[in-house]
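Below are the chains, spelled out letter by letter.
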Amino acid sequence: MLLHIVARGKIARSPEAELVDRYIKRIAWPTKLTELPDSGGAVPALTGNSVTIVLDERGETLSSTAFAKKLESWRDNGKREARFLIGAADGHGQDIRASSDLLLSFGPATWPHLMVRAMLAEQLFRATSILANHPYHREG
């Protein structure tokens, strides 16, 4: 299953970009990052049999293990792509949130969208490591 991060805003050369790159390179599953302008620009067409996860502060908070189990379930049920949408500074519109398969939150705090990109990349690495029984993740 392809893990596809679609993010608003250009990250350019920055400490956040280095962190995102570091985690994406470590993910054993196929992973893609698409950057869009802060406004405008079309989201790439969704492939059939995919899930859309929208990062939003009003979403569901999941433990790393629960997040890994979601990915595992989608993969095992034949989903071809898990697409993660990260909005610009003002987040997503109601139409995007309503059309998602999962609204995912990293907690009630407001996070800069560039940090969310790094946090998501780390959680994707952690989740795939959990599923591979890799010792990176430690419970408790």
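See the structure printed just above.
Structure report, in brief.

Thresholds applied
- Residues numbered from 1 in each chain as written.
- Predicted model: local features only at pLDDT ≥ 70, side-chain atom pairs only at ≥ 80, totals over all residues.
- Heavy atoms only, no water.
- Helix = DSSP H or I, 4+ residues; strand = E, 2+ residues; numbered from the N terminus.
- Rg over C-alpha atoms; globule rule 2.2 N^0.38 Å.
- Contact = heavy atoms within 4.5 Å.
- Areas by Shrake-Rupley, 256 points an atom, 1.4 Å probe, with all protein chains shown as cover.
- Lys, Arg positive; Asp, Glu negative; His and termini not counted.
- Charge placed at Lys NZ, Arg CZ, Asp CG, Glu CD.
- Salt bridge = Lys/Arg side-chain N within 4 Å of Asp/Glu carboxyl O.
- Buried < 20%, exposed > 50% of the residue type's maximum accessible area, 1.4 Å probe, protein only.
- Axes fitted to C-alpha atoms, helices over the stretch in contact; angles between N-to-C directions.
- Parallel < 35°, antiparallel > 145°, perpendicular 65-115°, else oblique.

Secondary structure summary: the protein contains 4 helices and 5 strands in total. Going from the N terminus to the C terminus, the protein shows its helices and strands as β-α-β-β-α-β-α-β-α. A compact globule built from 140 residues would reach a C-alpha radius of gyration of about 14 Å, and the protein, at 14 Å, matches this within 12%. By sequence separation, contacts in the protein at least 24 residues apart represent 86% of the contacts at least 6 residues apart. When the accessible surface of the protein is totalled, it reaches about 7,700 Å², and 51% of it is carbon and sulfur. For the protein, the distance from the average position of its 18 positive side-chain charges to the average position of its 16 negative side-chain charges is 5 Å.

Tallying each qualifying case throughout the model produces 6 salt bridges. Two residues, Asp56 and Arg97, come together in a salt bridge whose shortest N-O distance is 3.8 Å. In this pair, Asp56 sits in strand 3 (residues 50–61) while Arg97 sits in helix 3 (residues 94–98), placing the two residues 41 residues apart along the sequence. Residue Asp56 is classed as buried on the basis of its relative accessible area, which comes to 8%. When the shortest N-O distance is used, the salt bridge between Arg83 and Glu81 registers 2.9 Å. Judged by its relative accessible area of 4%, Arg83 falls in the buried class. What emerges from the salt-bridge pattern is a single network uniting Asp56, Arg58 and Arg97.

What follows is about the packing of helix 2 (residues 64–76) against helix 4 (residues 113–131). Two elements in contact, helix 2 and helix 4, have axes separated by 9 Å at closest approach and are oriented at 75°. Classified by the angle their axes make, helix 2 and helix 4 are roughly perpendicular. Where helix 2 abuts helix 4, its residues Ser64, Thr65, Phe67, Ala68, Leu71 and Glu72 lie against Leu120, Gln123, Leu124, Arg126, Ala127, Ile130 and Leu131.

Looking at the secondary structure, you find Ser100 in the loop between helix 3 and strand 5 (102–105). Take Ser100: its relative accessible area is 16%, and that puts it in the buried class. Along the sequence, Ser100 and Ala7 sit 93 residues apart, while their C-alpha atoms lie 15 Å from each other. In contact with Ser100, other than residues within four places in its own chain, are Thr52 and Val54.

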